[in-house]
4 protein chains.
Amino acid sequence: MPIRVTVWGENVHEQNDKAVAENYPIGMHGQIAKLIGEDSNLRPTTVTLQDVDHGLTVEKLANTDVLVWWGHAAHGDVRDEIVKRVAQRVWEGMGLIVLHSGHHSKIFKRLMGTLANLHWREAGERERIWVVNPGHPIAKGLPAYFELKNEEMYGEPFSVPEPIETVFISWFQGGEVFRSGLTYRRGAGNIFYFRPGHETYPTYHDATVGKVIRNAVSWAYNAESQSRLLNSPNTPVERAVEPLIERGAKLAHHPE
Amino acid sequence: MPIRVTVWGENVHEQNDKAVAENYPIGMHGQIAKLIGEDSNLRPTTVTLQDVDHGLTVEKLANTDVLVWWGHAAHGDVRDEIVKRVAQRVWEGMGLIVLHSGHHSKIFKRLMGTLANLHWREAGERERIWVVNPGHPIAKGLPAYFELKNEEMYGEPFSVPEPIETVFISWFQGGEVFRSGLTYRRGAGNIFYFRPGHETYPTYHDATVGKVIRNAVSWAYNAESQSRLLNSPNTPVERAVEPLIERGAKLAHHPE
Amino acid sequence: MPIRVTVWGENVHEQNDKAVAENYPIGMHGQIAKLIGEDSNLRPTTVTLQDVDHGLTVEKLANTDVLVWWGHAAHGDVRDEIVKRVAQRVWEGMGLIVLHSGHHSKIFKRLMGTLANLHWREAGERERIWVVNPGHPIAKGLPAYFELKNEEMYGEPFSVPEPIETVFISWFQGGEVFRSGLTYRRGAGNIFYFRPGHETYPTYHDATVGKVIRNAVSWAYNAESQSRLLNSPNTPVERAVEPLIERGAKLAHHPE
Amino acid sequence: MPIRVTVWGENVHEQNDKAVAENYPIGMHGQIAKLIGEDSNLRPTTVTLQDVDHGLTVEKLANTDVLVWWGHAAHGDVRDEIVKRVAQRVWEGMGLIVLHSGHHSKIFKRLMGTLANLHWREAGERERIWVVNPGHPIAKGLPAYFELKNEEMYGEPFSVPEPIETVFISWFQGGEVFRSGLTYRRGAGNIFYFRPGHETYPTYHDATVGKVIRNAVSWAYNAESQSRLLNSPNTPVERAVEPLIERGAKLAHHPE
């Protein structure tokens, strides 16, 4: 059964910036979905900020195995209740791939527990992405490194938690480095942050970038939902797995 | 120079539950501060939910090296702006020790990026806390295990991120296990979650519990503030560390 | 294409201990292979200590995707050159599942970089294995916990490195806890340690144990070989990816 | 009480390579010890490969809190029994700082469980070391980055285990990146790998490099010895912490 992938696009720069519109005539979300669709086991659809509930209705999320997120100009326009809804699905087990400037999206900062800051420069410089973890599924089929002729620079320190694993590290022409591929799990949901993808450059027309995103989607997919992680149930003394006799003082009104 | 420790107490059950009031006549915060003060290098003070800004004014936080948090009944009463203020200090480098039911505090959930759920039972059962990482500074001077005759049970899965290190694991009489000592860093701030401490039992009168909390405070202390992590500055092309000539398309209005 | 799984059995207690022989008439390796074969995507074969090269010839290892290891009485009889050969295949990307007393095998200690010590008791007590990481692929399809009526106790501290992820934690009737499912990667090879499996008890007749082992084998499988990790090549100045002019002093004879 | 630091130097190139001899007239070990001694809380001494037991007698190791290791040309000359002796002290809690080409030392490979390979180039190129984890004790007092005008290049993939934390990442002029500061624990012993230090360049005359090494030594220091991790004791049924009645089959001769 194919993996149901929802690509979320902010779709703002495509409408108001000529360079971006020319670069991505079918929208960044459209182009990212096209890359994903090259794997017949992945079934991508797209939604955007402008859709009802930003396209992230309860039903759509219930039918999403992996969500891919690109945003930049309008992070603040994403409604808090939708962010909460997405977070709950991640905690249940939905995969989440956060691309480039999505590091400052509400959903990524919420799941990281940090501001996810960095320093940056838009100068079209060369980025060389090194595979530091060649045995990781997300690095499958990749060369030792790949290059993007023009990219925005993101420099360390990237204020995110120590990841489960670091997969990629970028070298920038202007002298910086950046951890460009990082894995996390929050609740049952797998999360991958992938750095490249500035809107004025043709990053999502790059074949290797496409392969990374497809690998990441396949890696993040979780066949099971773990909705029990959304609750903190009481396991009363009479249902304890070992025989137990209650003792000691009890709260008059237990708050949980 | 002593480490400035602020103990935050919810101070609700001490006022409205007889068992708790008798157990902790100087308040739970008062008793926790007393344990901390046994190390002359630690200088504890206490604040509570009922204080102005819950005691966590800008000035107080600026003068706090490590914050210790106990809450249970009134997590929802902690104002969001104060939670944000505490989170910013953690990201800058303030240490944070979260005790027991504090796992459901707004600040802990915000920093973990998860719901921090678990399953639980208030039956006064025996808890045995095993040191699984005896070389960790927080385990310094501890025996192979220590016991609490009466504790609330917290059972796995504990929906928190994979920690940097696991220091303690608890065995419960009723048949459950729990990762009882977990370390994290968010921004520059060290975080330690320590499980024991149900308000109706004399946990914070236990000498070994005191030693753990003192060890944790000393470990979490960070001499430097890293306020730069609160920003995402531009490093323009003319200040690049390597000579760089700008090229490629640029956004008309860069959002960051 | 099915995953080629080699089950390595020590095959000593099956020959000289009546309880073990009765428990595992087809050998422990035979029974473990039988469990693995319940997944049609896994193709298990067995080899034992007594075979030429302990069954781990260059050819056999070259045709092994995942190696499963059970040993206890004769760790010292495994020849060092074979251990080295297995380690090299792991570094290249072969998966390795180490079961129970295999924690003291030469190959596991070599790959962990520690003595992998613990404390233990053979009393047929009850073990309850809790899933602490329900979103991990190795926990797929498992209940919240599962029990083994009789098992050898292994108690913390287990002197292994902090794992990539902790999947299971065991509760023992006699009062101990143990991290029973731990993931590692060494070079490109995925490693999973799974605690249960004392030879006098019917552990490898348990359906849930079988499911865990099958999940672990599938998780550990790595489609690619990364033999380049076996070398430390020179990348001379004329092949540097960025133009570079050599400068500074050089060693007369570079040792690497 | 000062921390007792032993600096181990291979002392081969200092004797047979003119560039190295001129660069380090008091030996590399002498110069490294000098850097360490700038902190009055650290008491460094030096030993070399040529000393009896390579200077690492049982007594010397018993009186060493943190061992600093530099070697390159003669890794193979270090006797296996001495490597084993050092490893045991690390497992007990002695800190270990491995510098530069020490990545290929027997002791580092033994403790990592990998070959610790990489690719390299001796061209005197510029290395810029970025702090990616500014809240870590080893980064205390450091700027955002520091540069070494001439260094040997080490490039990823560095085949070491995923570290507990990544502290530094290097940018190289020739286009590579490298994880230059990595923390591990093996048994109770803290380990830090720090990349810079090619013998033909003046790296150990650099003030920031000195600060990193001093920070690393202070971080690695462990006040307690955990010699119990060197054993795997039996905890028989009559000494179980919970009352237990033995049941089930037992091995006639338990091998452990």
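The residue numbering used here restarts from 1 in each chain and proceeds along that chain's sequence as written. Each chain is given a letter, starting from A, and each ligand a number, starting from 1, according to the order in which they appear as written. Note on the predicted model: pLDDT of at least 70 is required for a residue's local features to be given, and 80 or more for side-chain atom pairs to be given and counted; whole-chain, interface and lining totals, by contrast, use all residues. Remark: hydrogens and water are excluded; side-chain values derive from all non-hydrogen atoms of the structure.

1. A few points about the interface of chain B and chain A
Note on contacts: a residue pair is in contact if any heavy atoms of the two residues lie within 4.5 Å. Of the residues lining the interface, 70 residues belong to chain B; the matching set on chain A comes to 70 residues. The term buried area denotes the loss of accessible surface (1.4 Å probe radius) that occurs when two parts are joined, taken as the sum for both partners. In this assembly, chain B packs against chain A so that about 5,700 Å² is buried in total across both faces, 55% of it on carbon and sulfur atoms. When a carboxyl oxygen of Asp or Glu lies within 4 Å of a side-chain nitrogen of Lys or Arg, that pair is called a salt bridge. Put simply, chain B and chain A have zero salt bridges between them. Throughout this description, a polar contact denotes any pair of N or O atoms lying within 3.5 Å of each other; where both atoms belong to protein, one of them has to be capable of donating a hydrogen while the other can accept it, and for residues adjacent in sequence the pair is counted only when both atoms sit in side chains. At the surface where chain B touches chain A, the tally comes to 43 residue pairs in polar contact (both at pLDDT 80 or more). Numbering of helices and strands starts at the N terminus; helices are DSSP runs of H or I of at least 4 residues and strands are runs of E of at least 2. Taken together, the elements giving at least two residues each to the side of chain B that touches chain A come down to α2 (18-23), α6 (106-112), β5 (119-131), β6 (145-155) and β8 (177-186) of chain B. Element by element, the count of residues in the side of chain B that touches chain A is highest for β5(B), at eight residues. Three categories are distinguished: nonpolar for Ala, Val, Leu, Ile, Met, Phe, Trp, Tyr, Cys and Pro, charged for Asp, Glu, Lys and Arg, and polar for the others, with Gly belonging to the last. In terms of residue class, the side of chain B that touches chain A is made up of 27 nonpolar, 24 polar and 19 charged.

2. Some words on the interface of chain D and chain C
Counting from both sides, the interface comprises 71 residues of chain D and, opposite them, 70 residues of chain C. Overall, the association of chain D and chain C removes approximately 5,700 Å² of surface from exposure, summing both partners, and the carbon and sulfur fraction of that is 54%. Counting across the chain D and chain C interface gives zero salt bridges. Applying the counting rule to chain D against chain C returns 43 residue pairs in polar contact (both at pLDDT 80 or more). Residue assignment for the side of chain D that touches chain C shows that the elements contributing at least two residues are α2 (18-23), α6 (106-112), β5 (119-131), β6 (145-155) and β8 (177-186) of chain D. Element by element, the count of residues in the side of chain D that touches chain C is highest for β5(D), at eight residues. Looking at side-chain class alone, the side of chain D that touches chain C contains 28 nonpolar, 24 polar and 19 charged residues.

3. Concerning the sheet that holds strand β6 (residues 145-155) of chain C
Residue and element names in this part refer to chain C. The nine strands are arranged β2-β1-β3-β4-β9-β8-β7-β5-β6 in an open sheet whose pairing can be described as mixed. Of all the strands in the sheet, the pair left with one neighbour each is β2 (42-48) and β6. Each adjacent strand pair in this sheet contributes to an overall mean axis angle of 25°, direction not counted. Between any two strands, at least two bridges found by DSSP are needed for them to pair. For strand β1 (residues 3-9) and strand β3 (residues 66-70), the ladder comprises five bridges, and the chain directions are parallel. Counted as the bridge partner of V5 is V66 from β3. Fitted lines through C-alpha atoms give the axes, limited to the stretch in contact for helices. The angle between two N-to-C directions lies from 0 to 180 degrees. Relative to the sheet, helix α5 (residues 80-92) contacts β3, β4 (95-99), β8 (177-186) and β9 (189-194), its axis offset from that of β9 by approximately 115°. Contacting β1, β2, β3, β4, β6, β7 (165-172), β8 and β9, helix α7 (residues 207-220) runs over the sheet at an angle of about 165° to β9.

4. Details of the relation of the copies chain B and chain A
For the least-squares superposition of copies, only C-alpha atoms count, and only for residues with pLDDT at least 70 in both. Its rotation angle being 180°, the transformation that places chain B on chain A also includes 0.0 Å of axial translation and leaves an RMSD of 0.0 Å. Viewed as a symmetry operation, the transformation between the two copies matches a two-fold axis. The C-alpha atom lying nearest the rotation axis in chain B is that of B:G113; the distance is 2.4 Å.

5. Looking at the packing of aromatic side chains
Only rings of Phe, Tyr and Trp enter the pairing, Trp through its six-membered ring, and a pair is recorded when the two centres are within 6.5 Å. The plane angle decides the type: under 30 degrees is stacked, over 60 is edge-to-face, the rest tilted. Summed over all chains, the structure comprises 50 aromatic pairs over all chains. On the basis of an interplanar angle of 90° and a centroid distance of 6.3 Å, the ring pair of A:F146 and A:F168 is categorised as edge-to-face. Of this pair, A:F146 sits in strand β6 (residues 145-155) while A:F168 sits in strand β7 (residues 165-172), placing them 22 residues apart in sequence. For the residue pair A:F146 and A:F168, the accessibility class agrees, reading buried in each case. With a centroid separation of 6.3 Å and an interplanar angle of 75°, the aromatic rings of B:F168 and B:F192 are classed as edge-to-face. Pair noted here: B:F168 is in strand β7 (residues 165-172) and B:F192 is in strand β9 (residues 189-194), with a separation of 24 residues, a long-range link. Here the aromatic residues A:F108, A:Y154, A:F158, A:F178 and A:Y193 are joined through ring pairs into a cluster of three or more. Criterion for a charge above a ring: Lys NZ or Arg CZ within 6 Å of the ring centre, and within 35 degrees of the ring normal. Lying over the aromatic face of A:W171, A:R128 brings its terminal NZ or CZ to 4.7 Å of the ring centre. Above the plane of the ring of C:Y154 lies C:R195, whose end atom (NZ or CZ) is 4.8 Å from the centre. Burial classification: accessible surface area is computed with a 1.4 Å probe over protein chains only, and a residue below 20% of its type maximum counts as buried, one above 50% as exposed, and the rest as partly exposed.

6. Section: helix α5 (residues 80-92) of chain B
All names here are of chain B. Helix span is expected to be 1.5 Å times the residue number reduced by one. The terminal C-alpha atoms of α5 lie 18 Å apart, and with 13 residues this matches the ideal 18 Å at 1.5 Å per residue to within 8%. Buried within α5 are the following residues: I82, V83, V86, A87, R89, V90, W91 and E92. Just downstream of α5, G93 is the residue with a positive phi angle, here 135°.

7. Remarks on the relation of the copies chain D and chain C
For these two chains of identical sequence, chain D goes onto chain C by a turn of 180° and a shift of 0.0 Å along the axis, with RMSD 0.0 Å. Most of the interface of chain D is mirrored in chain C: 99% of its interface residues are interface residues there too.

8. Things to note about the sheet that holds strand β4 (residues 95-99) of chain A
Residue and element names in this part refer to chain A. An order of β2-β1-β3-β4-β9-β8-β7-β5-β6 is seen for the nine strands of this open sheet, with the pairing classed as mixed. The outermost strands of the open sheet, each flanked by one partner alone, are β2 (42-48) and β6. Pairs of neighbouring strands in the sheet enclose a mean axial angle of 25°, with direction left out of account. In the sheet, β7 pairs with strand β8 (residues 177-186) via six bridges, with the strands oriented antiparallel. Directly across from T166, in β8, lies its bridge partner L182. Docked against the sheet, helix α3 (residues 28-37) engages β1 (3-9), β2, β3 (66-70) and β4, running at close to 175° with respect to β2. Contacting β3, β4, β8 and β9 (189-194), helix α5 (residues 80-92) crosses the sheet at an angle of about 115° to β9.

9. A closer look at the side chain of C:N133
Inspection of the secondary structure assignment puts C:N133 in the loop between β5 (119-131) and β6. Here A:R185 takes part through its side chain, which lies 3.1 Å from a polar atom of the side chain of C:N133. For C:N133, the contacting residues outside a window of four places in its chain are A:R185, B:E162, C:A139, C:E165, C:T166 and C:V167.

10. Re the pairing of β6(D)
Residue and element names in this part refer to chain D. With eight of its eleven residues buried, β6 lies for the most part within the structure. By the bridge criterion, eight bridges tie β5 to β6 in an arrangement that is antiparallel. In the sheet register, I129 faces β6, and the bridge partner there is F146.

11. Some points on unusual backbone geometry
Cis rather than trans, the peptide bond between B:E156 and B:P157 has omega equal to 5°. For B:P157, the location among the structural elements is in the loop between β6 and β7. The phi dihedral of C:N11 falls on the positive side, at around 60°, and the residue is not glycine. Tracing the chain through its elements places C:N11 in the loop between β1 and α1 (13-16). Look at D:A116: it is not a glycine, yet its phi comes out positive at around 55°.

12. Looking at the environment of C:G27
Residue and element names in this part refer to chain C. Here G27 lies in the loop between α2 (18-23) and α3 (28-36). We classify G27 as buried; its relative accessible area is 6%. When the C-alpha atoms of G27 and G9 are compared, they prove to be 8.0 Å apart, with 18 residues separating the residues in sequence.

13. Some words on the pairing of β7(C)
Residue and element names in this part refer to chain C. Of all eight residues in β7, eight are buried; the element is thus mostly enclosed. Summarising the sheet, β5 and β7 pair through five bridges and their orientation is antiparallel. Bridge assignment links I129 to a residue of β7, and that residue is S170.

14. With respect to helix α7 (residues 207-220) of chain D
An ideal rise of 1.5 Å per residue puts 20 Å on 14 residues; α7(D) measures up with 20 Å between its terminal C-alpha atoms. Those residues of α7(D) not exposed but buried are D:V209, D:G210, D:V212, D:I213, D:R214, D:N215, D:A216, D:V217 and D:A220.

15. Focus: the pattern of salt bridges
All names here are of chain A. Applying the stated criterion across every chain yields a total of 72 salt bridges over all chains. Between D65 and R4 there is a salt bridge; the shortest N-O distance is 3.0 Å. Separated by 61 residues along the polypeptide, D65 in the loop between α4 (58-62) and β3 and R4 in strand β1 bring together distant segments of the chain. Residue D65 is classed as buried on the basis of its relative accessible area, which comes to 12%. Look at R4 and you get partly exposed, because its relative accessible area is 29%. One salt-bridge network, held together by shared partners, links D53, R79, E81 and R85.

Take it as geometry only, folks, not as evidence of what the structure does.
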